[in-house]
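The lines below spell out each chain.
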Amino acid sequence: RIMRPDDANIAGNVHGGTILKMIEEAGAIISTRHCNFQAEEPCVAALARVERTDFLSPMCIGEVANVSAEITYTSRHSVEVQVNVMSENILTGAKKVTNKATLWYVPLSLKNVNKVLEVPPIQYARKEQEDEGKKRYEEQKLDRLETKQRNGDMILPVINPEPHTVGYSQSSLIHLVGPSDCTLLGFVHGGVTMKLMDEVAGIVAARHCKTNIVTASVDAINFHEKIKKGCVITVSGRMTFTSNKSMEIEVFVDADPFVDASRERYRAVSAFFTYVSLSKEGKPLPVPQLLTETEDEKRRFEEGKGRYLQTKARRQAQMQQAAQQ
Amino acid sequence: RIMRPDDANIAGNVHGGTILKMIEEAGAIISTRHCNFQAEEPCVAALARVERTDFLSPMCIGEVANVSAEITYTSRHSVEVQVNVMSENILTGAKKVTNKATLWYVPLSLKNVNKVLEVPPIQYARKEQEDEGKKRYEEQKLDRLETKQRNGDMILPVINPEPHTVGYSQSSLIHLVGPSDCTLLGFVHGGVTMKLMDEVAGIVAARHCKTNIVTASVDAINFHEKIKKGCVITVSGRMTFTSNKSMEIEVFVDADPFVDASRERYRAVSAFFTYVSLSKEGKPLPVPQLLTETEDEKRRFEEGKGRYLQTKARRQAQMQQAAQQ
Amino acid sequence: RIMRPDDANIAGNVHGGTILKMIEEAGAIISTRHCNFQAEEPCVAALARVERTDFLSPMCIGEVANVSAEITYTSRHSVEVQVNVMSENILTGAKKVTNKATLWYVPLSLKNVNKVLEVPPIQYARKEQEDEGKKRYEEQKLDRLETKQRNGDMILPVINPEPHTVGYSQSSLIHLVGPSDCTLLGFVHGGVTMKLMDEVAGIVAARHCKTNIVTASVDAINFHEKIKKGCVITVSGRMTFTSNKSMEIEVFVDADPFVDASRERYRAVSAFFTYVSLSKEGKPLPVPQLLTETEDEKRRFEEGKGRYLQTKARRQAQMQQAAQQ
């Protein structure tokens, strides 16, 4: 579809969240279709996890987004989907790869939302494809368990913060979940949640560096808990790390089923977003360093630095590999 | 994309206007892409005309709309696009043809919006395809001239109208044109206009028969005048004819460039929509007869009857033809 | 236009904010049109104030909102517009008055946004109409000055609040101002701001009483400062007063023009919203009393009580007057 002014920031760059939402919708369609094929019981595929996603080049207003999706692995109860997004300038015909994303879905019964159904297996062209898929499956399973454990953190408000401190740029928004946000099962689409997360992360980044910012990447996101229609969700973000030219922002999503007295507010999702600051010509700008004050902030800064160096090393390894081929 | 609650009426049937909007967006993308291929000057394809469109089967919330578009003819300054819409129930895998639409686009220069550019010719598999396309081109050109002449009519308000009269159900809405309604040239997308027209026509139909109504077909729509960002558009509809099981509604779109004192309010588009009334089980219901009072209303009723009989005859001829093959 | 699922809460009642947004759009159109008629310089009418608005009966999904607007007074630099909203159930034909609102607009030059233009005077049928309008004009002018002075207040966060305290239900959201939120001048539509304010106030009310809540009335709102495209706005709400069956919520809008280093965050708007809690059958429910803790909270509770009693007295006087006629 054509990118509209509402999909983009003032500089005309399409929000990362808009792209994540399109990716998730494509993934939900292909995996729901697959799981219902010759199935005994109708089901809806729910997003369980999105692997780390890099935004390779910015998309602009007026460009057409081409989204294609393919199922690349199935375990007994989950589906791995690969989604590619290309931006096309229909005036010049130029096409660029914007994203490649990997998503995991789980089929939930339409009749009983707590019942996970079996996934029909796909055929692999080569045996190695199945083995590689299985390896990816095991890895993500491990990672999901880990993030589930560190999910207890909270963002506390700060009064009169100094510029460039964590408290200065931290932000949160609340959103009342409406019918258009939800699947047939009455739960929020993963893509809607990711769009709100990117919105908050973008505001944190803009408040910190006061320039035009764009999403550079999103770390793996795990969806542990479903969010029901009628909940109020609070999406909060705080900066955890800055390198010379990038900012890492941690985002939490908490759901409050306030019309259901039997349930407490709970942490539904958390993730790390990385942003870069761009000049008017679209060149990366230096980012003011984050000032850490408390012990926790210093610890999170070091952890963020670890993730940053790991990503950098992995990218260099990939480039060397590509150069040798 | 997946159909959401806001795309549909209370009974869960997707609005005809939502489908028309998707069709037009697909047509605008394919024809803009075609006209810019190896072109000297960048351009945007603007909708000039939509041929008569039948809604063959209703689409529902939760279904996926698959839209495909193909260029079927090019004249020197216009492109004919054929768009097909299939609805897919991803739970059952069932697919149904929802629409087949034919649209005409004209490439306008990005630098000078009043300049119509030349269209690169397409290759035809067979010579007959080109001849048939040319015939369709000549026919629509003639029809466009005709509608341009009868565009002067107005809808006047009626005080305390009786049920089932024209005045009783006639309706209008105003809309301030915002940035997301517009193309790169700053003019309203034809699809946005058609969606508003369908909304008003649907209100007229529902007021008349007070049941669940769905769009059955839309007569050819000609877009004579572009509508600019910042205009206020008034969309008005009145019932012109009822058969036993259908209602015909005439819809006018007037644009008021109210911050530009040099321009008067003008008629931008007009069209005829046909609606049917459905029972809870989705079966067509009888429609209360329209009570005509003035001479003009009686004349329009007769003209509507003419269009109705013509369509009926054409459809019977097609069915006989199909049966013979 | 027809009310859609996204316009309403889970119980199907259309949000007060959606109605306020429609009212403001109608007012902006009629006053912009009036001020441009035979004008030398094109202008856009900007919302300066909305008088106290009562929501007389709830509107539901599927109903049609009929909005009509009329200019009732003009001063040299401002326009008073009266807007009426009727809800119409198009299936039964039943119509109900939902709102009557009075709005004040000021024409700003399209070329120089800081220049207020002159308003062409309207003709009055009777001299008394002009005198009454002038009286209303003087009254609102006085009231605007007053609210400008008390606008310094802030909502501070509370950690681990007890149920039914002020801190327990207070809420805030942030919103990045996008192109669709803005007028041709690049400033936020007053209606967009009011919709966000109602959203926050509704969440505060729902958090307090954990039932289905609807907007009952909105006190006069003054728009002292324009909000520019690209700003981040923070909308915060806290409960100030509860009677047996109603809750009063104070809402603040702060704008942060963070990409413009020369400007500080500033208070743009503030207002009081009154909500009632409804049972599943639509009957008013008792509201848990607000627990006030600090001196400021107790003072605001007393002030809220004052406003409540004043409104009650005025309404009783009106009813007696109506009964005598």
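Residues numbered from 1 in each chain as written. Chains lettered and ligands numbered in written order. Predicted model: local features only at pLDDT ≥ 70, side-chain atom pairs only at ≥ 80, totals over all residues. Heavy atoms only, no water.

An unreviewed UniProt entry lists chain A under the name palmitoyl-CoA hydrolase, with Notiomystis cincta as the source organism.

(A) Quick look at the packing of helix H1 (residues 16-36) of chain A against helix H4 (residues 190-209) of chain A. All names here are of chain A. Closest axis-to-axis distance for the H1/H4 pair is 8 Å, and the angle between their directions is 170°. By the angle between their directions, the pair H1 and H4 is classed as roughly antiparallel. Seen from H1, the contacting residues are Gly16, Gly17, Thr18, Leu20, Lys21 and Glu24; seen from H4, they are Gly190, Gly191, Val192, Met194, Lys195 and Asp198. The class makeup of the residues in the contact of H1 with H4 is three nonpolar, five polar and four charged. (Axes fitted to C-alpha atoms, helices over the stretch in contact; angles between N-to-C directions. Helix = DSSP H or I, 4+ residues; strand = E, 2+ residues; numbered from the N terminus. Parallel < 35°, antiparallel > 145°, perpendicular 65-115°, else oblique. Contact = heavy atoms within 4.5 Å. Nonpolar A, V, L, I, M, F, W, Y, C, P; charged D, E, K, R; others polar.)

(B) Seen up close, the UniProt feature "active site" (unreviewed entry) in chain A. All names here are of chain A. The positions UniProt marks with the feature "active site" (unreviewed entry) are Asn9 and Asp198. Spanning 190 residues, the named residues nonetheless gather at one spot, since no C-alpha pair among them exceeds 12.2 Å. Following the sequence through the fold, Asn9 ends up in the segment before H1. On the accessibility criterion, Asn9 (16% relative accessible area) is buried. Ignoring anything within four residues of it in the chain, the contact list for Asn9 reads His15, Asn212, Ile213 and Val214. Structurally, Asp198 is set in helix H4. (UniProt positions renumbered as here; feature names shortened; annotations may be inferred. Buried < 20%, exposed > 50% of the residue type's maximum accessible area, 1.4 Å probe, protein only.)

(C) Here's a closer look at the domain arrangement of chain A. All names here are of chain A. Each domain of chain A was delimited in the assignment, giving domain 1 (2-146) and domain 2 (166-300). Taken over C-alpha atoms, the centre of domain 1 sits 20 Å from the centre of domain 2. Each side of the interface is counted separately: domain 1 has 27 residues, and domain 2 has 27 residues. Counting each side, the surface lost to burial between domain 1 and domain 2 is near 2200 Å², with a carbon and sulfur contribution of 61%. Scanning the region where domain 1 abuts domain 2 turns up one salt bridge. (Domains from an automatic or database assignment. Buried area = accessible area lost by both parts, 1.4 Å probe. Salt bridge = Lys/Arg side-chain N within 4 Å of Asp/Glu carboxyl O.)

(D) Examining the relation of the copies chain B and chain C more closely. Expressed as a screw operation, the relation of chain B to chain C combines 0.1 Å of axial shift with a rotation of 120°, fitting to an RMSD of 0.2 Å. Taken together, the turn and the small shift mark the pair as related by a three-fold rotation axis. Counting the interface residues of chain B, we find that no more than 20% of their copies in chain C are interface residues as well, pointing to two distinct contact surfaces. (Least-squares fit on C-alpha atoms with pLDDT ≥ 70 in both.)

(E) Broad picture of the sheet that holds strand E5 (residues 95-109) of chain C. Residue and element names in this part refer to chain C. Judged by pairing direction, the sheet is antiparallel, and its five strands sit side by side in the order E3-E4-E5-E1-E8 without closing on themselves. Only two strands of the sheet have a single partner each, and these edge strands are strand E3 (64-74) and strand E8 (221-222). In terms of strand pairing, E3 meets strand E4 (residues 79-88) through ten bridges, oriented antiparallel. Each bridged residue has a counterpart across the sheet, and for Ser68 the counterpart in E4 is Asn84. (Pairing = 2+ DSSP bridges.)

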